[in-house]
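In case you want the letters, here they are:
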Amino acid sequence: MAGTYVGGPRDVRPEQDGGRGVALSSVSDARPFVVGIIGGGQLARMMYGPAIRLGLHVKLLAEAPGVSAAQVAHDVEYGDYTDPATVLAFAEGCDAITFDHEHVPTTLLQQLEERGIAVRPGSAALVHAQDKVVMRERLSALGMPCPAFQVVASAEELAAFGERIGWPVIAKTSRGGYDGKGVWKIDGPQQAGEPFEALASGEAGGGTTAGSGTSGEVQILAEEFVDFTRELSALVVRSPSGQGVTYPVSETYQDRGICAETLTPAPGLTDERAVATQQMALRIAEELGVVGVLAVELMEARDGRILVNELAMRPHNTGHWSIDGAHTSQFENHLRAIADLPLGDPASRASWTVMVNVLGGSREDLADGLLHVLSRDPQLKVELYGKAVKARRKVGHVTAYGPDLEDVRARAQHAAQYLMGDLD
Ligand SMILES: Nc1ncnc2c1ncn2[C@@H]1O[C@H](COP(=O)(O)OP(=O)(O)O)[C@@H](O)[C@H]1O
Ligand SMILES: [Mg+2]
C-alpha cells in the first residue's frame, strides 16, 4: 500500500522512472521525504511523533496487524523482514530505510544497497550491532576498552577460557540475543556446557528464536566477567554528512537483562570521564560509519575502567528519557540523521531526568492507572506502547525531571510501580 502524496520538484512519478518510484497521486504540492521503517515495535511507534513534526512520510513494514507501530501507521505493509522479495518490494519508493530492530539479515541489507537504496545505518556499520564477535574484534582493533574475550567452539574451550581468565565468566551468543536472552554467567567448568546446549536446542540466539535471522553463523563468545558497580550508556547520533551530537551519559539499571531505569546524567560521573566516554562513542560512530543513533552500552568496573559492553544502532531504551528530558529527542535526531537534516540540541532540559520502564505486571489495563499517576504528578510524562500486558514485557515507560535527583527518582518509580500494579 503506497502513500498518497504528490507534486513538487522532488516528485518522482512511476511513469517517469520506469515504475521504480512511489505511486503518487495529487494531494499537495510537495513530496515529502519517505522513511521506510522495518519492524513494528515501540521504537518505530515513537518515531511517528517527530516524523509528523518534521513533515516526513513514514512507510512501515510490520510483522502483523495490531503491533505497536502498526496501530499508529497509515501507510503500512505486513510481511516477513527476513524475506528478500518482501523487503525489496517494500523499499521501492522509500528515500531511506531504517529500523526498529537489528534483525534484518545482513545479506538482505547488502542487496538493498546494491540496488542504490539508502540503508541507514548501512550494512557495514550495522553488522557491529548484529554480531557481538564482529563488534568485539573491531573495537579491540580500534583500541577501545573491552572485556577480555574469546570465541569458543565447545564446552572444553569455554572451560579453558575460565581457567585462564578466572571464574566466573560470561558466555553470549554472537547473534540473535536481546534483553538478556542469550547471555549466561558461567560459575565454573561444570556449567560450561549450558550455552552450547541452549544453542543446539534452539533456546538461544541465532537461526531459531524470535528476533533471529540476521544471517551468519552463530558463535559463542566468552568474556571476562566484569565486576561492575554500574552500567552506563553513551548515546550519540551521526548524520550522513558527518555531523554528530552526543547526549549526556546515562546510568542504566538492568533487571534480569531488561532495562529497568535510567538516570541522566549519570550521578557522580566526573565531567572529565563523561567527556572521555562521549568522545569514545563519537569515535566509534565515526570509525564504523554509523548513521542515526548509536547507543554504546558500557560497564563501569570496580577498578574504574569504563568498558564497552555492546552497541545498538537505533533509538535505544536508555535514550527514552530524551523524549521529554532533552531539547531534541533521540527519535527526532535519528530521523533528522536518516533524512540528512541538521541535528538538534541533545542537552537536557532539567538537572536530572529519570526514566523507568513499565513492564507487564498485575495491572492488565494500563489506562486504569493513568488517572492516579497523572493527577498525582502533573509534570510526569507517560508513554504507553499499545501492547498487551504480558509478564515482564516492555509495555511503556514514565519520565520525571527536575532539580532534585531523589525527588525525581521517587516520582518516576512510584508512577511505574503504580502502572505495573505493584502499588494500590
Ligand atoms: N562481560 C560481562 N561482565 C559482566 N556482566 C555482563 C558482561 N556482558 C554482559 N553483562 C551483563 O549482561 C547484560 C546483557 O548483556 P548484553 O550483551 O548487553 O546482551 P543483550 O543483547 O541481551 O542486551 C548486560 O547489560 C550486563 O548487565
Ligand atoms: Mg545489551
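Everything quoted here is computed from the prediction, not taken from an experiment. (Residues numbered from 1 in each chain as written. Chains lettered and ligands numbered in written order. Predicted model: local features only at pLDDT ≥ 70, side-chain atom pairs only at ≥ 80, totals over all residues. Heavy atoms only, no water.)

Draft legend 1. Highlighting the site of ligand 1. The immediate surroundings of ligand 1 are formed by 19 residues, with Lys172, Gly180, Glu231, Asn309 and Glu310 found nearest. Val226 is positioned such that a nitrogen or oxygen atom in its backbone is 2.8 Å from a nitrogen atom of ligand 1. With respect to ligand 1, the side chain of Glu310 contributes an N or O atom lying 2.8 Å from an oxygen atom. Within the complex, 90% of the 550 Å² of free accessible area of ligand 1 lies under protein. Looking at the shell around ligand 1, the elements with two or more residues in it are strand S6 (169-173), strand S8 (220-224), strand S9 (228-238), strand S13 (292-301) and strand S14 (306-312). Split into classes, the residues belonging to the shell around ligand 1 amount to seven nonpolar, four polar and eight charged. Built from parts of two domains, the shell around ligand 1 gets at least three residues from each of domain 2 (148-224) and domain 3 (228-420). (Near = heavy atom within 4 Å. Polar contact = N/O pair within 3.5 Å; in protein donor to acceptor, adjacent residues only side chain to side chain. Areas by Shrake-Rupley, 256 points an atom, 1.4 Å probe, with all protein chains shown as cover. Helix = DSSP H or I, 4+ residues; strand = E, 2+ residues; numbered from the N terminus. Nonpolar A, V, L, I, M, F, W, Y, C, P; charged D, E, K, R; others polar. Domains from an automatic or database assignment.)

Draft legend 2. The arrangement of the coordination of the magnesium ion (ligand 2) in detail. On the protein side, the magnesium ion (ligand 2) has Glu297 (OE) and Glu310 (OE) as donor atoms, found 2.0 to 2.2 Å from it. With Glu297 in strand S13 and Glu310 in strand S14, the pair connects residues that are 13 residues apart, well separated along the chain. Judged on exposure class, the residue Glu297 and its partner Glu310 are both buried. (Donors = N, O, S within 2.8 Å, 3.2 Å for Na, K, Ca; no water. Buried < 20%, exposed > 50% of the residue type's maximum accessible area, 1.4 Å probe, protein only.)

Draft legend 3. How the structure looks around the environment of Leu343. Inspection of the secondary structure puts Leu343 in the loop between helix H10 (330-338) and strand S15 (352-359). Once residues within four sequence positions are removed from consideration, Leu343 is found in contact with Val237, Arg238, Ser239, Gln243, Gly244, Val245, Asn333, Arg336 and Ala337. (Contact = heavy atoms within 4.5 Å.)

Draft legend 4. The arrangement of the packing of aromatic side chains in detail. Following the criterion strictly, the structure yields one aromatic pair and no others. A centroid spacing of 6.0 Å and a plane angle of 90° characterise the contact between Tyr247 and Trp321, whose relative ring orientation is edge-to-face. Of the two residues, Tyr247 sits in the loop between strand S10 (244-246) and strand S11 (250-255) while Trp321 sits in helix H9 (residues 321-325), which places them 74 residues apart along the sequence. The pair Tyr247 / Trp321 is uniform in exposure class, with both members buried. (Phe/Tyr/Trp six-rings, centres within 6.5 Å; stacked < 30°, edge-to-face > 60°.)

Draft legend 5. Here's a closer look at the side chain of Asn317. Along the chain, the position of Asn317 falls in the loop between S14 and H9. Among the polar contacts made by the side chain of Asn317, one reaches the side chain of Lys394 at a distance of 3.0 Å. Discounting chain neighbours no more than four positions away, the residues touching Asn317 are Cys259, Met355, Asn357 and Lys394.

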